[in-house]
Amino acid sequence: MNFIERMKEDINAVFERDPAARNSFEVLTNYPGLHAVWWHRLANKLWRLKWFWVARTIASFSRWVTGIEIHPGATIGRRFFIDHGMGVVIGETAIVGDDCTIYHGVTLGGTSWNKGKRHPTLGNSVVIGAGAKVLGPITIAEDARIGSNAVVVKDVAKNTTIIGVPGRIAGHSEESQPQAFEAYGMELGVNDPLTRAVTSMAEHSCMVESHLKTVYEALKKAGTELPELDFPALQIPDLDCEATPCAEQAAKMAEEKSAETQE
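Residues numbered from 1 in each chain as written. Predicted model: local features only at pLDDT ≥ 70, side-chain atom pairs only at ≥ 80, totals over all residues. Heavy atoms only, no water.

Engineer: Sorry, what's going on with the overall build of the protein here?
Structural biologist: Scanning the protein for helices and strands turns up six helices and 15 strands. The buried share among the 263 residues of the protein stands at 43%. Considering only contacts in the protein between residues 6 or more positions apart, those separated by 24 or more positions represent 38%. (Helix = DSSP H or I, 4+ residues; strand = E, 2+ residues; numbered from the N terminus. Buried < 20%, exposed > 50% of the residue type's maximum accessible area, 1.4 Å probe, protein only. Contact = heavy atoms within 4.5 Å.)

Right, here's the structure in full:
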């Protein structure tokens, strides 16, 4: 496939993944992500011919013009799309598969000063959200999704969604869906496992609080003098102890016990 055909393929990839793209001329002239990839292909070819200084100079020029830094030694696959692009950094030994998409502020960086493979390898159809940092000689398997601002330092399995700092598994699909596209690396309905854990603990705390109130009311009715209960509010958005299922269950139990006492 010659250079012109690859350019057409890249432009078509933009239309597939960016609804803001209106026509080929606009994409050709106003998409810095495309320009950076095209400059990189020239720089990479010169790098492989051991014209290192010329290759680095072309890469530096591309960075000045596009705001995207791709080392000429990096290996980039077909139909690679960098959306917006400002602040993207791709290291020398990074390998990017076909049909990958990354957004602005993404770093495919190294964690070592030693020579050799020190940057990530992305499988086909990987999506990396804005601001994410993928660091070290790790492998992000095909169809994986990295959420915005995540920091990933370990291998990621196929069809897995990673979010958070450090990166945590937030979703997994057994079947590959190459036609599905989630902007910024996020799947609909994905919940942060840390958030789920904190919410679970908060609901448990609400249940304990409700049972303590039941015991407190029973002791007061029995004539025991007790100080007023004053539980601090849980500073967790969207969680109301009075409205949780645990609280409702405890309130129902309290009413039943009160009715038994009156009888």
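Engineer: How should unusual backbone geometry be read in this particular structure?
Structural biologist: What is expected of a backbone is that most residues other than glycine have negative phi and most peptide bonds are trans. For the bond from Val165 to Pro166, the omega torsion is -10°, close enough to zero to count as cis. Following the sequence through the fold, Pro166 ends up in the loop between strand S14 (160-163) and strand S15 (168-172). Its identity is not glycine, yet Asp143 carries a phi of approximately 65°, on the positive side. Examined against the element boundaries, Asp143 turns out to sit in the loop between strand S11 (139-140) and strand S12 (145-146).

Engineer: Explain the sheet that holds S11 here, please?
Structural biologist: The pairing of strands in a sheet happens through backbone hydrogen bonds and is either parallel or antiparallel. With respect to topology, four strands assemble into an open sheet ordered S2-S5-S8-S11, the strand pairing being parallel. Single-partner strands in this sheet number two, and they are strand S2 (75-76) and S11. Relative to S11, strand S8 (residues 121-122) runs parallel, the two sharing two bridges. For Thr121, the partnering residue across the bridge sits in S11 and is Thr139. (Pairing = 2+ DSSP bridges.)

Engineer: Would you mind going over a nonpolar patch on the surface with me for this structure?
Structural biologist: On the surface, Trp39, Leu42, Phe61, Trp64 and Val65 cluster together to form a nonpolar patch covering roughly 530 Å² of accessible area. Secondary-structure elements contributing two or more residues to the nonpolar patch are helix H3 (32-48) and helix H4 (52-66). Looking at the secondary structure, you find Phe61 in helix H4. According to the relative accessible area criterion, Phe61 is partly exposed, its value standing at 36%. (Patch = residues over 30% accessible without salt bridge, like charges linked within 9 Å, V, L, I, M, F, W, Y side chains within 5 Å. Areas by Shrake-Rupley, 256 points an atom, 1.4 Å probe, with all protein chains shown as cover. Salt bridge = Lys/Arg side-chain N within 4 Å of Asp/Glu carboxyl O.)

Engineer: I would appreciate a short explanation of the pattern of salt bridges in the present structure.
Structural biologist: If the charged atoms of two oppositely charged side chains come close together, the side chains can form a pair. Scanning all chains against the criterion turns up nine salt bridges. Two residues, Asp99 and Arg17, come together in a salt bridge whose shortest N-O distance is 3.7 Å. Pair noted here: Asp99 is in the loop between strand S5 (95-96) and strand S6 (101-103) and Arg17 is in helix H1 (residues 3-17), with a separation of 82 residues, a long-range link. Residue Asp99 is classed as partly exposed on the basis of its relative accessible area of 25%. Note that Arg63 is salt-bridged to Glu69, the shortest N-O span being 3.5 Å. On the basis of relative accessible area, Arg63 is assigned to the partly exposed category, the value being 33%.

Engineer: Where do I start with H3 in this structure?
Structural biologist: For an α-helix, 3.6 residues make a turn, and residues three or four places apart therefore share a direction. Here H3 spans 24 Å end to end across 17 residues, near enough to the 24 Å set by a 1.5 Å rise per residue. Where H3 is buried, its residues meet H1, helix H2 (24-30), H4, strand S1 (69-70), S2 and strand S3 (81-83). (Expected span 1.5 Å × (residues − 1).)

Engineer: Explanation requested: the nonpolar core in the structure shown.
Structural biologist: Here is a general trend for soluble globular proteins: nonpolar side chains tend to be buried in one another's company. Ranked by internal contacts, the top residues of the largest apolar core, which has 38 residues, are Phe80, Ile90, Leu108, Ile128, Ile140 and Ile146. Every element with two or more residues in this core is listed here: H1, H3 and S3. With residues near it in sequence (within four places) discarded, Ile140 still touches Thr121, Leu122, Gly123, Val126, Val134, Ile146, Val152, Lys154 and Val156. Listed in part, the five residues of the second largest apolar core include Leu46, Trp47, Ala55 and Ile58. (Core = buried A, V, L, I, M, F, W, Y, C linked by side-chain atoms within 4.5 Å.)

Engineer: It is not clear to me how the packing of aromatic side chains should be interpreted in this structure. Could you clarify?
Structural biologist: Pairs of aromatic rings are described using the distance from one ring centre to the other and the angle between the two planes. Applying the stated criterion across every chain, the model contains two aromatic pairs. Ring geometry for Trp47 against Phe52: centres 4.7 Å apart, planes inclined by 65°, an arrangement best described as edge-to-face. A residue is classified by how much of its surface remains accessible, and Trp47, at 18% relative accessible area, is buried. (Phe/Tyr/Trp six-rings, centres within 6.5 Å; stacked < 30°, edge-to-face > 60°.)

In short, shape yes, function no, at least from these values alone.
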